[in-house]
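Chain residues, written in single-letter form:
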Amino acid sequence: MPCINENFLNLEKNYLFINIAKKINEYIAKNPDKKDNIIRMGIGDVTLPIAPCVVDAVKKGADEMGVKETFKGYEDSGTGYDFLKETVAGYYKSFGADVSADEIRISDGAKSDCGNIVDIFSDDNVILITDPAYPVYVDSNVMSGRKIIYADCDKENNFCPVPDYNVHADIIYLCSPNNPTGAALNKKQLKDWVDYAIKNDAIIIYDAAYEAFITEDDVPRSIFEIEGARKCAVEICSLSKTAGFTGMRCGYTVIPNELTATDSQGNVHSLSQLWGRRQGSKFNGVSYPVQCGAAAVFSEEGLAQIRKNIEYYQENARIIASALDELGIYYTGGKNSPYIWLKCPNNMGSWEFFDFLLEKANVVGTPGEGFGKNGKGFFRLTSFGDRDNTIEAMNRIKKLLK
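Being a predicted model, the structure only gives us computed values, none of them experimental.

Student: Honestly, the sheet that holds strand β14 (residues 366-367) in this entry has me stumped. Any pointers?
Tutor: Hydrogen bonds along the backbone pair up the strands of a sheet, which may run parallel or antiparallel. With antiparallel pairing, four strands are arranged side by side in an open sheet as β11-β12-β15-β14. Only two strands of the sheet have a single partner each, and these edge strands are β11 (331-333) and β14. Here five bridges tie strand β12 (residues 339-343) to strand β15 (residues 378-382), and the two strands are oriented antiparallel to one another. Looking across to β15, one finds that K343 is bridged to F378. Contacting β12, β14 and β15, helix α11 (residues 350-361) crosses the sheet at an angle of about 50 degrees to β15.

Structure (structure tokens):
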């Protein structure tokens with residue numbers, strides 16, 4: 001009989017959002033009249049439609065698939081069409097990041113790449129993850145049996161992690177603006193992590209999925225704006241939140257050509273080549289029509305159209321933050337991020353506050369405890385909802401907590 005990978009037994013039984021859905025369904029079963037009154041501000045899924053020029057580009061790409069002369073089969077490399085990689089490289093250059101098209105690998109989203117990138121690293125590596133953290137970082141490494149250590153993010157450091165030179169790590173996960181806390185590292189804070197990685201001969205896996213929400217000049221859009229980052233960093237990004245591609249699936253990973261790691265004998269290998277080989281073996285690429293739509297995102301027209309959607313979500317975040325200010329509740333995020341991370345009132349636990357909000361206000365958020373031990377007593381709200389629902393939800397919360 002085949003044996004299982006027993007590392008999977010070390011995972012939580014259910015993914016965080018499955019537990020949340022179960023609780024909501026149980027509540028609706030007991031209170032069917034409340035089903036249409038529930039406002040969901042938990043899962044970070046977008047609600048606005050995809051930009052018109054992007055839809056047109058996808059349609060055009062699909063039309064080309066129906067004509068013999070322009071039909072596309074398997075993509076030669078599986079790493080993305082040149083027209084899209086060149087467009088993404090141009091986007092990086094627009095805010096001063098040094099990235100070339102041949103260092104970009106197109107994928108079906110940041111979640112996949114954040115989990116899969118560790119395939120090219122030994123299971124003996126020590127993994128450093130900030131706590132709280134996006135669960136995929138933890139789960140992907142638990143599945144492989146790697147040792148995980150944590151960098152604490154808490155109220156004392158305003159949920160911005162600080163490197164500890166007394167601790168050694170081989171691979172470091174950073175996310176800024178952060179999911180779930182919404183905290184964003186400024187240039188100095190990110191430079192501290194780059195310096196730490198170089199001194200430790202470590203690799204940073206940098207999740208930049210929310211870079212389009214950054215508003216402050218001192219907060220970098222890419223780790224490659226930081227001196228030295230090309231020696232130690234891989235950057236993973238997504239169009240899910242930038243352009244509403246949660247249902248379309250497209251993202252990209254950047255691995256500098258000079259970035260290397262060693263094997264057990266001390267031989268040096270290109271990480272870019274290893275990742276390309278991994279993708280060539282396990283991934284067949286993103287569909288041609290979706291890549292056409294992704295390229296349209298970075299056109300002048302596309303950037304203008306997606307900016308309107310992002311500004312809509314940013315205003316939702318401002319509404320949420322304003323309500324919390326009125327209530328005197330501590331929070332991070334909202335300014336450079338679509339997430340608002342708040343201290344549960346009255347010393348409630350995060351799951352206790354989840355139940356309280358669901359039952360008393362019919363509002364759903366995400367318990368911070370699902371993101372790690374430092375999430376205990378904290379709660380995440382997202383700004384991706386409808387404007388009227390966001391206003392109504394915060395009015396309900398204010399009425400409940402005043």
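Here the narrative resumes.
Student: Would you mind going over the packing of helix α2 (residues 52-64) against helix α9 (residues 288-297) with me for this structure?
Tutor: The geometry of a pair of packed helices is captured by two quantities: the angle between their axes and the separation between those axes. Between α2 and α9, the shortest axis-to-axis distance is 7 Å and the interhelical angle comes to 150 degrees. By the criterion of interaxial angle, the relationship of α2 to α9 is roughly antiparallel. Considering the relative orientation of α2 and α9, their crossing is right-handed. Across from C53, V54, A57, V58, G61, A62 and E64 in α2, the residues of α9 making contact are Y288, P289, C292, G293, A296 and V297. Of the residues contributing to the contact of α2 with α9, the split by class is 10 nonpolar, two polar and one charged.

Student: I'm lost on helix α10 (residues 300-327) in this one. Help?
Tutor: Three or four residues apart is the spacing at which side chains of an α-helix point the same way, because the helix has 3.6 residues per turn. For α10, built from 28 residues, the straight-helix expectation of 40 Å at 1.5 Å per residue is met to within 8% by its first-to-last C-alpha distance of 41 Å. A positive phi of about 70 degrees marks G328, the residue just after α10.

Student: Even after reading the chapter, I still don't get the side chain of S107, so can you show me in this structure?
Tutor: Along the chain, S107 falls in strand β2 (residues 104-107). Within the structure, S107 has its side chain in polar contact with the side chain of D113 (distance 3.1 Å). Those residues in contact with S107, other than ones at most four positions away along the chain, are D113, R249, C250, G251, Y252, F283 and V286.

Student: I'm lost on the packing of helix α3 (residues 82-94) against α9 in this one. Help?
Tutor: At a minimum axis separation of 9 Å, α3 and α9 run at an interaxial angle of 25 degrees. The angle between α3 and α9 places the two elements in the roughly parallel class. Seen along the crossing, α3 lies across α9 with a hand that is left-handed. Here α3 contributes F83, L84 and T87 to the contact with α9, which in turn contributes Y288, Q291, C292, A294 and A295. Here the residues of the contact of α3 with α9 sort into six nonpolar, two polar and no charged.

Student: Looking at this model, I keep getting lost on α2. Mind explaining?
Tutor: With 13 residues, α2 extends 19 Å between its outermost C-alpha atoms, agreeing within 8% with the 18 Å of an ideal straight helix rising 1.5 Å per residue. Listed as buried for α2 are C53, V54, A57, V58, G61 and E64. Looking down the long axis of α2, one finds its buried residues gathered within 140 degrees of arc, a one-sided arrangement. In α2, the exposed residues that point more than 90 degrees away from the buried face are P52, K59 and D63.

Student: Before we go on, may I ask you to explain the nonpolar core in this structure?
Tutor: If you look at the biggest cluster of nonpolar residues, it comprises 91 residues, and the most contacted ones within it are I172, I204 and Y252. In this structure, A110, V118, V234 and L259 belong to the second largest nonpolar core, which totals 27 residues.

Student: Which parts of the structure should I look at to understand the state of the cysteines?
Tutor: Put plainly, a disulfide is one covalent bond tying together the sulfur atoms of two cysteines. On inspection of all chains with the given rule, the structure shows zero disulfides. The thiol of C160 is unpaired, and the distance to the nearest cysteine sulfur, on C153, comes to 7.5 Å. Not part of a disulfide, C175 finds its nearest cysteine sulfur in C114, a span of 7.6 Å.

Student: Mind showing me how you'd approach the pattern of salt bridges here?
Tutor: Once the charged atoms of two side chains with opposite charge are near each other, the side chains can pair. Evaluation of the coordinates by the stated rule reveals 17 salt bridges. With its nearest N and O atoms 3.4 Å apart, the salt bridge here joins K398 to E326. Of the two residues, K398 is situated in helix α12 (residues 387-401) and E326 in helix α10; the sequence distance between them amounts to 72 residues. Overall, the relative accessible area of 18% leaves K398 in the buried class. Through salt bridges with shared partners, a single network forms among E103, R230 and E258.

Student: I would appreciate a short explanation of unusual backbone geometry in the present structure.
Tutor: The phi angle of most residues is negative, glycine excepted, and most peptide bonds adopt the trans form. Cis geometry marks the peptide bond from S176 to P177, where omega comes out at -10 degrees. Considering the arrangement of structural elements, one finds P177 in the loop between β5 (171-175) and α6 (187-200). The amide bond that connects N179 to the next residue, P180, takes the cis arrangement and shows omega of 25 degrees. Its identity is not glycine, yet N346 carries a phi of approximately 60 degrees, on the positive side. Within the secondary structure, N346 is located in the loop between β12 and α11. Accessibility expressed as a relative area gives 66% for N346, which makes it exposed. Not every positive phi belongs to a glycine, and N362 is a case in point at roughly 55 degrees.

About the thresholds
Residues numbered from 1 in each chain as written. Predicted model: local features only at pLDDT ≥ 70, side-chain atom pairs only at ≥ 80, totals over all residues. Heavy atoms only, no water. Pairing = 2+ DSSP bridges. Helix = DSSP H or I, 4+ residues; strand = E, 2+ residues; numbered from the N terminus. Contact = heavy atoms within 4.5 Å. Axes fitted to C-alpha atoms, helices over the stretch in contact; angles between N-to-C directions. Parallel < 35°, antiparallel > 145°, perpendicular 65-115°, else oblique. Left-handed = near helix turned anticlockwise from the far one by under 90°. Nonpolar A, V, L, I, M, F, W, Y, C, P; charged D, E, K, R; others polar. Expected span 1.5 Å × (residues − 1). Polar contact = N/O pair within 3.5 Å; in protein donor to acceptor, adjacent residues only side chain to side chain. Buried < 20%, exposed > 50% of the residue type's maximum accessible area, 1.4 Å probe, protein only. Arc of directions from axis to C-beta. Core = buried A, V, L, I, M, F, W, Y, C linked by side-chain atoms within 4.5 Å. Disulfide = S-S within 2.5 Å. Salt bridge = Lys/Arg side-chain N within 4 Å of Asp/Glu carboxyl O.

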